[in-house]
Amino acid sequence: MSIKRIAILGSTGSIGTQALDVIEANPEVFSVEVLTAQNSADLLIEQAVKFKPKVVVIGNEALRDKVISALASLPIQVYSGDAALVSVVESEEIDMVLTAMVGYAGLLPTIHAIKAGKNIALANKETLVVAGELITNLARENNVSIYPVDSEHSAIFQCLVGEENNAIEKIILTASGGPFRGKDREFLAAVTKQQALKHPNWSMGAKITIDSATLMNKGLEVIEAKWLFDLAASQIDVIVHPQSIIHSMVQFEDGSMKAQMGLPDMKLPIQYALHYPYRLKSTFPRFDFAAYPSLTFEKPDLETFRNLAVAYEALEKGGNAACIVNAANEIAVDAFLTDKIRFLEISDVIIECVAKINYIQNPGYSDYVDTNEATRRFALEMIQVKV
Ligand code: NAD
Ligand code: MG
């Protein structure tokens, strides 16, 4: 088998660095061709020196000279800026693109990668939330596969191996419940970002950690699952499972259920996506039933954690509704992380944006761009008024 050449978009983040751990552990299987990051120049330089990609892109133009001079003695091309972040995926020398950047910024590079015929290992769920229909159509037209990195979707994907002739009755996405599971609105009204940033089971980037605390992450994942597995909203259930051992389940038409299990470790879904259909030997700690005498399950509280309900409504509504929710959420989470709004106001901002931004039934790419911009502007104005 020839070496698979990987481009990692967002290599300095939580997923990006763990992907590099996987690649480092399997040098006979993978090589790194491209690394990109927005601001973390020092880590990007360190990664480039170690993995020797052909190309490195730093999004922030102000850091360009720093990266160029640090890598001057190596045969590495350095680019900067948004246009380079997008076009770098088109290189002939890439077999697969891992989308590990955060937020709406993932959309355009993913479109370019698919149009260039690159298979996608998709961590950036926002891409499918914003424009799932456009992306899945484009992938079909270009004969490109999208392999999920998100642990829940990887679980579903693993459960579906060998089931090509069998219809899915429903899927059940598991949720840890985040740091505020079981809390009421009175408690949530006063929580700080330090509390919200402490996830019980996973160590992740700041945005997805806040999304886990509000349950928006699960809402985004419901929408992501719709597009990855071609399901109706009514076929996607969420169950809170605080131990995060069952990563998700599929129920077939005969009532049989398959679950994928293991200790929480993103390296497993990352390497499964990068090397599908093969499993790579690993030394990750193994799950031991005796150490977990009880795996528990409870219904999500949609009245307290309104974001999950909002995401389901956007999925039912279709069109640009999920694009509005995503943009409003990105602005609201950022405002919470910079102490401009309180925890419960995250949902207020999103709900208000859904009510006020123009609904478009059949959006094309430029409608998504406009919706994203209009929603961000409106959400920022709302937040300005609040502070
Ligand atoms: P992170 O914040 O740790 O890393 C983000 C990376 O993206 C960094 O390398 C950063 O330089 C880059 N980046 C930031 N803004 C950018 C921009 N505008 N343009 C290009 N690059 C930019 O995030 P993360 O936790 O690794 O998450 C990345 C994606 O993977 C998110 O979409 C998240 O929802 C998804 N995901 C993460 C996990 C996890 O365990 N961390 C699990 C499932 C899915
Ligand atoms: Mg997940």
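Because the structure is a prediction, the values reported are computed rather than measured.

The rules we used
- Residues numbered from 1 in each chain as written.
- Chains lettered and ligands numbered in written order.
- Predicted model: local features only at pLDDT ≥ 70, side-chain atom pairs only at ≥ 80, totals over all residues.
- Heavy atoms only, no water.
- 1 Å grid on protein atoms, 1.4 Å probe; cavity = no way out; pocket = protein on both sides within 12 Å on 5 of 7 lines; lining within 4 Å.
- Points joined across faces, edges and corners; volume = space filled by probe spheres on them.
- Helix = DSSP H or I, 4+ residues; strand = E, 2+ residues; numbered from the N terminus.
- Nonpolar A, V, L, I, M, F, W, Y, C, P; charged D, E, K, R; others polar.
- Donors = N, O, S within 2.8 Å, 3.2 Å for Na, K, Ca; no water.
- Salt bridge = Lys/Arg side-chain N within 4 Å of Asp/Glu carboxyl O.
- Buried < 20%, exposed > 50% of the residue type's maximum accessible area, 1.4 Å probe, protein only.
- Core = buried A, V, L, I, M, F, W, Y, C linked by side-chain atoms within 4.5 Å.
- Pairing = 2+ DSSP bridges.
- Right-handed = clockwise from strand over helix to strand, strands pointing away.
- Axes fitted to C-alpha atoms, helices over the stretch in contact; angles between N-to-C directions.
- Polar contact = N/O pair within 3.5 Å; in protein donor to acceptor, adjacent residues only side chain to side chain.
- Contact = heavy atoms within 4.5 Å.
- Near = heavy atom within 4 Å.
- Areas by Shrake-Rupley, 256 points an atom, 1.4 Å probe, with all protein chains shown as cover.

Moving on, we get to the layout of surface pockets. For the second largest pocket, the calculated volume is near 640 Å³. As for the second largest pocket, its lining consists of 23 residues, and the residues nearest its centre are I146, W227, L228, F229 and D230. Elements represented by at least two residues in the lining of the second largest pocket include exactly α6 (125-141), β7 (146-148) and α11 (216-229). Here the lining of the second largest pocket takes 5 residues from α6, the largest share from any one element. A breakdown of the residues in the lining of the second largest pocket according to their chemical character gives 13 nonpolar, 4 polar and 6 charged.

Coordination sphere of the magnesium ion (ligand 2), protein contribution only: D150 (OD), E152 (OE) and E221 (OE), at 2.1 to 2.2 Å. When the donors of the magnesium ion (ligand 2) are listed by position in the chain, the intervening gaps give D-x1-E-x68-E. A residue pair is termed long-range when its members are at least 10 positions apart, and E152 in helix α7 (residues 151-159) and E221 in helix α11 qualify at 69 residues.

So, about the pattern of salt bridges. Considering all chains together, one arrives at 20 salt bridges under this definition. Here D95 ties to R5 by a salt bridge, and the two come within 3.0 Å at their closest N and O atoms. Of this pair, D95 sits in the loop between α4 (82-87) and β5 (96-99) while R5 is found in strand β1 (residues 4-9), placing the two residues 90 residues apart along the sequence. The class for D95 is partly exposed, based on a relative accessible area of 29%.

Let us look at the nonpolar core. Core analysis: the largest hydrophobic core is formed by 96 residues, its most contacted members being V149, I171, I236, L274 and F343. At 11 residues, helix α14 (residues 321-337) tops the list of elements feeding residues into this core. Judged by nonpolar contacts, the second largest core, of 30 residues, contains L85, L128, V130 and Y368.

What follows is about helix α10 (residues 206-214). Of all 9 residues in α10, 7 are buried; the element is thus mostly enclosed. What α10 keeps buried is the set K207, T209, I210, D211, S212, A213 and T214. Remark: L215 follows α10 within two positions and exhibits a positive phi of approximately 70 degrees.

A regular strand places its side chains on the two faces of the sheet in alternate fashion. What you see with β5 is no split at all: M96 and L98 on one side and V97 and T99 on the other are buried throughout. The pairing of β1 with β5 spans 4 bridges and is parallel. Bridging from a neighbouring strand, L9 pairs with T99 of β5. With 4 bridges joining them, β5 and strand β6 (residues 119-122) adopt parallel strand pairing. Counted as the bridge partner of M96 is N119 from β6. Note on the crossover from β5 through helix α5 (residues 107-115) to β6: the handedness is right-handed.

Below, the discussion takes up the sheet that holds strand β4 (residues 77-80). Across the sheet, 7 strands lie side by side as β4-β3-β2-β1-β5-β6-β7; this open sheet has parallel pairing. Each of the sheet's edge strands pairs with one partner strand only, and the pair in question is β4 and β7. On average, each strand axis in the sheet is inclined to that of its neighbour by 20 degrees, with strand direction left out of account. Bridge count between strand β2 (residues 30-37) and strand β3 (residues 55-58): 4 bridges; the pairing is parallel. Looking across to β3, one finds that V34 is bridged to V55.

Before going further, it helps to examine the side chain of H199. By the secondary structure assignment, H199 is in the loop between α9 (193-196) and α10. One polar contact links the side chain of H199 to the main-chain amide nitrogen of N201, over a distance of 3.0 Å. From its side chain, H199 meets the backbone nitrogen of W202 in a polar contact 3.1 Å long. Setting aside residues no more than four positions away along its own chain, H199 makes contact with S176, G178, M204, T209 and S212.

Here the structure, examined in full by the defined rule, presents 1 cavity of 30 Å³ or more. Looking at the largest cavity, its volume works out to about 60 Å³. Lining the largest cavity are L188, T214, T304, F305, R306, N307, F343, L344, I346 and S347. Listed by contribution, the elements that provide at least two residues to the lining of the largest cavity are α13 (306-317) and α15 (345-356).

Take the site of ligand 1 next. By nearness alone, 22 residues border ligand 1, and T12, S14, Q38, E126 and G205 come closest of all. Between an oxygen atom of ligand 1 and a main-chain N or O atom of G10, the distance comes to 3.2 Å. One of the backbone N or O atoms of G205 is found 2.8 Å from an oxygen atom in ligand 1. For ligand 1, whose accessible area on its own is 830 Å², the fraction buried by protein is 85%. Broken down by secondary-structure element, the contributors of at least two residues to the shell around ligand 1 are α1 (14-25) and α6. Grouping the constituent residues of the shell around ligand 1 by class yields 11 nonpolar, 8 polar and 3 charged.

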